[in-house]
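Structural overview
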Amino acid sequence: MITIKNDVYSFGAVLMELLTGKKPTSFITKFGESINIIHYFISSIKDKMLSNVINLEDASEEEMERVGMVAQIAMKCLDQTSAKRPTMREVAEELARINHELDSLTIEEKNEVTECKVDEENFYSHETSITCEMSQHGTSSSIF
């Protein structure tokens, strides 16, 4: 029977595909056994071995944490028991929360705006000075 929870499962499959780069119909071979990527993805998350299915090699600690949060959402969506799956509203709220946290960090980084002033009188000479001020900290320093 097709229900709204089928859409949630499908969305989980899409998230899994985005995270792993593998189609939900893919199989991997482990210990000589062919395993569906969705089952392997779920077991990797449960075993806290996300790096088995997602390349986190160049990721920062914050990026790994966010990927882990999205992977947890995908795992919930992929639950075999449809009654245990979240609603799409819950999924959207969780993803929005993760996105909001990312936006907050980005805004904090952007608040550290550096303004630089060039000594225009001596611009073409070797005695040019550039003074920079960090708007968040109110400190200033001379680069040259």
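Quick notes on the rules
Residues numbered from 1 in each chain as written. Predicted model: local features only at pLDDT ≥ 70, side-chain atom pairs only at ≥ 80, totals over all residues. Heavy atoms only, no water. Core = buried A, V, L, I, M, F, W, Y, C linked by side-chain atoms within 4.5 Å. Buried < 20%, exposed > 50% of the residue type's maximum accessible area, 1.4 Å probe, protein only. Helix = DSSP H or I, 4+ residues; strand = E, 2+ residues; numbered from the N terminus. Contact = heavy atoms within 4.5 Å. Patch = residues over 30% accessible without salt bridge, like charges linked within 9 Å, V, L, I, M, F, W, Y side chains within 5 Å. Areas by Shrake-Rupley, 256 points an atom, 1.4 Å probe, with all protein chains shown as cover. Salt bridge = Lys/Arg side-chain N within 4 Å of Asp/Glu carboxyl O. Lys, Arg positive; Asp, Glu negative; His and termini not counted. Charge placed at Lys NZ, Arg CZ, Asp CG, Glu CD.

It is worth spelling out the nonpolar core at this point. The biggest cluster of nonpolar side chains holds 26 residues, and the ones touching the most others in it are Phe41, Leu50, Ile54 and Leu78. A per-element tally of this core places helix 3 (residues 61–77) first, with 7 residues. Beyond its immediate chain neighbours, meaning those up to four positions away, leucine 50 contacts Ser44, Ile45, Leu56, Val67, Gly68 and Ala71.

This part covers a negative patch on the surface. Together, Glu61, Glu62, Glu63 and Glu65 give the surface a local cluster of negative charge. Positionally, glutamate 61 belongs in helix 3.

All chains considered together, the criterion is met by 2 salt bridges. Linking glutamate 17 and lysine 23 is a salt bridge whose minimum nitrogen-to-oxygen distance equals 3.4 Å. A relative accessible area of 27% means that glutamate 17 is categorised as partly exposed. A salt bridge links glutamate 94 to arginine 97, with the nearest nitrogen and oxygen atoms 2.9 Å apart. Here glutamate 94 pairs with arginine 97, and both are found in helix 4 (residues 88–110), just 3 residues apart, close to one helical turn. Judged by relative accessible area, which is 35%, arginine 97 ranks as partly exposed.

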